[in-house]
Amino acid sequence: MAEALGMLECRSFPAMVEAADAMVKAAKVELVSYEKTGGGYVTAVIRGDVAAVKAACDAGHAGASKVGEIVAMHIIARPHSNVDAVIPLGRGADYEEAEPTKTGKK
């Protein structure tokens, strides 16, 4: 099953760093990348289970709000495998193959 995808966009690099730190401290999520989109906008991208990503994004939003401006926050519970294959958001097409099956075997 695909992991949830969380994105938090801020209008300054320090705000994004504060958000990323708060997110990984708040829940069991993995910070998989960040994107500089220009004009001072930076997006942190996290992966994990849906509840953890939601909690982490909420914590990141609170942390980044103290430092800078939050532009957007979005969570996708189960991104389609084609999204992961085409857009580099921390998980590629190889990830599903490496994931253990329900029986615990690869």
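Look up: the structure comes first, before these words.
Residues numbered from 1 in each chain as written. Predicted model: local features only at pLDDT ≥ 70, side-chain atom pairs only at ≥ 80, totals over all residues. Heavy atoms only, no water.

Student: Before we go on, may I ask you to explain the environment of Ala77 in this structure?
Tutor: Tracing the backbone shows Ala77 in the loop between β4 (70-76) and α3 (81-86). Under the relative-accessibility criterion, Ala77 is labelled partly exposed at 35%. C-alpha of Ala77 to C-alpha of Ala4: the two residues are 73 residues apart in sequence and 4.4 Å apart in space. (Helix = DSSP H or I, 4+ residues; strand = E, 2+ residues; numbered from the N terminus. Buried < 20%, exposed > 50% of the residue type's maximum accessible area, 1.4 Å probe, protein only.)

Student: Looking at this structure, how should I read helix α1 (residues 13-26)?
Tutor: Because an α-helix completes one turn every 3.6 residues, residues spaced three or four positions apart along the sequence face the same direction. Compared with the 20 Å implied by 1.5 Å per residue over 14 residues, the 20 Å span of α1 between its first and last C-alpha is a close match. Along α1, the residues that are buried comprise Ala15, Met16, Ala19, Ala20, Ala22 and Met23. Looking straight down α1, one finds its buried side chains confined to an arc of 170°; they lie on one side. For α1, exposure combined with an orientation more than 90 degrees from the buried face picks out Pro14 and Lys25. Of the surrounding secondary structure, the elements contacted by the buried residues of α1 are β1 (4-10), β2 (30-38), β3 (41-48) and α2 (50-67). (Expected span 1.5 Å × (residues − 1). Arc of directions from axis to C-beta. Contact = heavy atoms within 4.5 Å.)

Student: So what exactly am I meant to see when it comes to the packing of aromatic side chains here?
Tutor: Aromatic rings considered in pairs are described by the distance between their centres and by the relative angle of their planes. If you walk through the whole model with that rule in mind, you get 1 aromatic pair. Taking the centre distance of 5.9 Å and the plane angle of 65° together, the rings of Phe13 and Tyr34 count as edge-to-face. Here Phe13, found in helix α1, pairs with Tyr34, found in strand β2; they are 21 residues apart in sequence, far enough to count as distant. (Phe/Tyr/Trp six-rings, centres within 6.5 Å; stacked < 30°, edge-to-face > 60°.)

Student: In this structure, what is going on with the packing of α1 against α2? I would like to understand it.
Tutor: The packing of two helices is summarised by the inter-axis angle and the distance between the axes. Where α1 meets α2, the axes come as close as 7 Å, and the angle between the chain directions of the two elements is 145°. Here α1 runs over α2; the crossing is right-handed. Together, Pro14, Ala15, Glu18, Ala19, Ala22, Met23 and Ala26 of α1 and Ala55, Ala56, Cys57, Ala59, Gly60, Gly63, Ala64 and Val67 of α2 make up the contact between the two elements. Of the residues in the contact of α1 with α2, the class split is 12 nonpolar, 2 polar and 1 charged. (Axes fitted to C-alpha atoms, helices over the stretch in contact; angles between N-to-C directions. Left-handed = near helix turned anticlockwise from the far one by under 90°. Nonpolar A, V, L, I, M, F, W, Y, C, P; charged D, E, K, R; others polar.)

Student: I'm lost on the nonpolar core in this one. Help?
Tutor: Note that soluble globular proteins tend to have their nonpolar side chains buried in a common cluster. Core analysis: the largest hydrophobic core is formed by 19 residues, its most contacted members being Cys10, Met23, Val29 and Ile46. Secondary-structure elements contributing two or more residues to this core are β1, α1, β3 and α2. Setting aside its immediate chain neighbours within four residues, Ile46 contacts Ala4, Leu5, Gly6, Met23, Val29, Glu30, Leu31, Val32, Val53, Ala56 and Cys57. (Core = buried A, V, L, I, M, F, W, Y, C linked by side-chain atoms within 4.5 Å.)

Student: Got a minute to help me understand α2 in this structure?
Tutor: An ideal rise of 1.5 Å per residue puts 26 Å on 18 residues; α2 measures up with 26 Å between its terminal C-alpha atoms. When α2 is considered as a whole, its buried residues turn out to be Ala52, Val53, Ala56, Cys57, Gly60, Gly63 and Ala64. Along the axis of α2, the buried positions cluster into a sector of 135°, meaning they face one direction only. The outward face of α2, more than 90 degrees from its buried face, is lined by the exposed residues Ala51 and Lys66. Where α2 is buried, its residues contact β1, α1, β3 and β4. Capping the start of α2 is the job of one residue whose side-chain oxygen sits 3.2 Å from the backbone nitrogen of Ala51: Asp49. (Polar contact = N/O pair within 3.5 Å; in protein donor to acceptor, adjacent residues only side chain to side chain.)

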